[in-house]
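Below are the chains, spelled out letter by letter.
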Amino acid sequence: MKEIDFRHDLLPLKDKIFRIALRITLRADEAEDITEETLVRAWEKRGELAQVNSLEAYCLTAARNLALDTIAKKEHQNLSLDEDAFDRPDASRSPQEELEHSEKLASVRQIINSLPEKQRTVVQLRDIEGLSYSEIAAVTGWTEEVVKVTLHRARKFIKLEYLKLEHHGL
């Protein structure tokens, strides 16, 4: 079995771990703590993890579970993600186009943040992280069919809510 190296095996996963934790907790400080805790736990169990098929799936599952534990322990309000921390302006856009893009992105973030946790998680893993249905099923412990249905419902809700905003300007 291959020995797990922190720099080459675990460290590249930190951004994905952070994003899934952030999508669940909706708080950057909590997501950072969860990311650190996940990496520390994985490192401490590196001997056992050499036999795991997918280190990424293991770490994302651990991060998801820690994030769910975090929000279960305290009353949590849905907070918007801070746009400035995650967006880099595209230099090819005019200021007007950049403003419109930022507003649309903020609207989509707000809609995603309003989804139930299960749907937020699946949208994050599939559409943002790019995981396959089988990988998402491994991370969440659900069947692929449940993942597909949950993702479909989430996307449908996002689309409908976004169209409402576009047509009504709310």
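## Observations regarding a nonpolar patch on the surface
Next up, step 1: Together, Phe 6, Leu 11 and Trp 43 make up an exposed nonpolar region whose accessible area comes to about 230 Å².
Next up, step 2: Structurally, Phe 6 can be placed in helix α1 (residues 6-10).

## Section: the side chain of Arg 23
Next up, step 1: Tracing the sequence through the fold places Arg 23 in helix α2 (residues 14-25).
Next up, step 2: One buried charged residue, Arg 23, forms no salt bridge at all, with the nearest opposite charge on Glu 129 at 7.7 Å.
Next up, step 3: Engagement of the side chain of Arg 23 in a polar contact is seen with the side chain of Asn 113, the distance being 3.3 Å.

## A few points about the packing of aromatic side chains
Next up, step 1: Counted by the stated rule, this structure contains 1 aromatic pair.
Next up, step 2: The lysine or arginine in question, Arg 46, covers the ring of Trp 43, its NZ or CZ lying 4.0 Å from the ring centre.
Next up, step 3: One Lys or Arg, Lys 118, reaches over the ring of Trp 142 and ends 5.0 Å from the middle of that ring.

The rules we used
- Residues numbered from 1 in each chain as written.
- Predicted model: local features only at pLDDT ≥ 70, side-chain atom pairs only at ≥ 80, totals over all residues.
- Heavy atoms only, no water.
- Patch = residues over 30% accessible without salt bridge, like charges linked within 9 Å, V, L, I, M, F, W, Y side chains within 5 Å.
- Areas by Shrake-Rupley, 256 points an atom, 1.4 Å probe, with all protein chains shown as cover.
- Salt bridge = Lys/Arg side-chain N within 4 Å of Asp/Glu carboxyl O.
- Helix = DSSP H or I, 4+ residues; strand = E, 2+ residues; numbered from the N terminus.
- Buried < 20%, exposed > 50% of the residue type's maximum accessible area, 1.4 Å probe, protein only.
- Lys, Arg positive; Asp, Glu negative; His and termini not counted.
- Polar contact = N/O pair within 3.5 Å; in protein donor to acceptor, adjacent residues only side chain to side chain.
- Phe/Tyr/Trp six-rings, centres within 6.5 Å; stacked < 30°, edge-to-face > 60°.
- Lys NZ or Arg CZ within 6 Å of the ring centre and 35° of its normal.

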